[in-house]
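Below, each chain spelled out in residue letters.
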Amino acid sequence: MNERLTPSQEKLKIEVVIADPERDWGVYRDIYLEALEQEPEKLGIDPEDPKVIDGIEHLKTRSEDDWKEALSKDTNITVLAMSDSRVIGMGRAIKKEGEPWSMGSAYTKEDFRGQGIGKKMFALRLRNILNQSGKEVVVEINVGNDEPTKIATFFGFKEVPERSTDEVVYMR
């Protein structure tokens, strides 16, 4: 019998890279929009919120320059997980004025989950934050989204109960 293995069953060579605005804006756009449309809750987004639906439609009309600019900001670290030159995951970290760095949303295509890709993306974002003299990093995870909580705990983050809510686990 000649059965074909799914990506989650085969051992893949995974590379995680910092997104380059000139080279990667299109693939970043594609995987980000895929995540928003297929599993917005993985990005911490409520798919029932009318503002979210309008926002997704707006993102679809963004120009190439807009996507490049989003990837170029010093206050944003975006990583892409690649396998055989295909983008299979993305993750972001964001720095807002006067606030600590925040591990932003992350997404891995369903067929590629369970292979440590989320950990690799988290590690590269964290390493780049620390290399930029980031002294404080926080993680906010929707309650029930257990995998990111496990990953953050693996890297030494602990819940801050007084900052957590019924909807969000806040970790530092």
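Refer to the preceding data block for the structure.
The paragraphs below set out a description of the structure included in this document. Just so it is clear, the structure is predicted and the values come from calculations on it, not from any experiment. (Residues numbered from 1 in each chain as written. Predicted model: local features only at pLDDT ≥ 70, side-chain atom pairs only at ≥ 80, totals over all residues. Heavy atoms only, no water.)

**Here's the deal with the pattern of salt bridges**
Applying the stated criterion across every chain, the model contains 10 salt bridges. The salt bridge partner of glutamate 57 is lysine 60, with a shortest N-O separation of 3.3 Å. With a gap of 3 residues between them, glutamate 57 and lysine 60 both fall in helix α2 (residues 50-60), about one helical turn apart. Exposure remark for glutamate 57: the relative accessible area of 43% places this residue in the partly exposed category. Accessibility expressed as a relative area gives 40% for lysine 60, which makes it partly exposed. In this structure, glutamate 136 engages arginine 172 in a salt bridge whose closest nitrogen and oxygen atoms are separated by 2.5 Å. Taken as a pair, glutamate 136 in the loop between α4 (117-131) and β5 (137-142) and arginine 172 in the segment after β6 (168-171) lie far apart in primary sequence, 36 residues in all. (Salt bridge = Lys/Arg side-chain N within 4 Å of Asp/Glu carboxyl O. Helix = DSSP H or I, 4+ residues; strand = E, 2+ residues; numbered from the N terminus. Buried < 20%, exposed > 50% of the residue type's maximum accessible area, 1.4 Å probe, protein only.)

**Some remarks on the nonpolar core**
Ranked by size, the top nonpolar core spans 25 residues in total, and within it Met103, Phe122, Val139 and Phe157 carry the most contacts. Counting only elements with at least two residues in this core, the list comes to β2 (76-83), β3 (86-95), β4 (101-108), α4, β5, α5 (146-154) and β6. Take this core: its biggest share by element is 6 residues, from α4. Excluding residues within four positions of it along the chain, valine 139 makes contact with Met103, Phe122, Ala152, Phe157, Val169, Tyr170 and Met171. Trp25, Ala35, Leu80 and Tyr107 belong to the second-largest nonpolar core, a separate cluster that totals 19 residues. (Core = buried A, V, L, I, M, F, W, Y, C linked by side-chain atoms within 4.5 Å. Contact = heavy atoms within 4.5 Å.)

**Brief notes about α2**
Along α2, the residues that are buried comprise Val52, Ile56 and Leu59. On an axial view of α2, the arc spanned by its buried residues comes to 65°, and they lie on one face. Exposed and facing more than 90 degrees away from the buried side of α2 are Pro50, Lys51, Asp54 and His58. On its buried face, α2 is in contact with α1 (21-38) and α3 (64-72). (Arc of directions from axis to C-beta.)

**Considering the packing of α4 against α5**
It is at 10 Å that the axes of α4 and α5 come closest, and there the two elements cross at 50°. The pairing of α4 with α5 is recorded here as oblique in orientation. Every pair of crossing elements has a handedness; the one defined by α4 and α5 is right-handed. Of α5, the residues touching α4 (which contributes Gly118, Lys119 and Phe122) are Ile151, Ala152 and Phe154. Taken together, the residues of the contact of α4 with α5 break down into 4 nonpolar, 1 polar and 1 charged. (Axes fitted to C-alpha atoms, helices over the stretch in contact; angles between N-to-C directions. Parallel < 35°, antiparallel > 145°, perpendicular 65-115°, else oblique. Left-handed = near helix turned anticlockwise from the far one by under 90°. Nonpolar A, V, L, I, M, F, W, Y, C, P; charged D, E, K, R; others polar.)

**A few points about the side chain of serine 102**
Mapped onto the secondary structure, serine 102 falls in strand β4. By relative accessible area, serine 102 is classed as buried at 18%. Ignoring any residue separated from it by four or fewer positions in sequence, one finds serine 102 in contact with Arg92, Ala93, Ile94, Val138 and Glu140.

**Description of the environment of tyrosine 32**
Locating tyrosine 32 in the fold gives a position in helix α1. Overall, the relative accessible area of 12% leaves tyrosine 32 in the buried class. Measuring from C-alpha to C-alpha, the distance between tyrosine 32 and methionine 90 comes to 7.5 Å, with 58 residues separating the pair along the chain. Among residues more than four places away in sequence, those in contact with tyrosine 32 are Leu43, Leu59, Trp67, Met90, Arg92 and Ser105.

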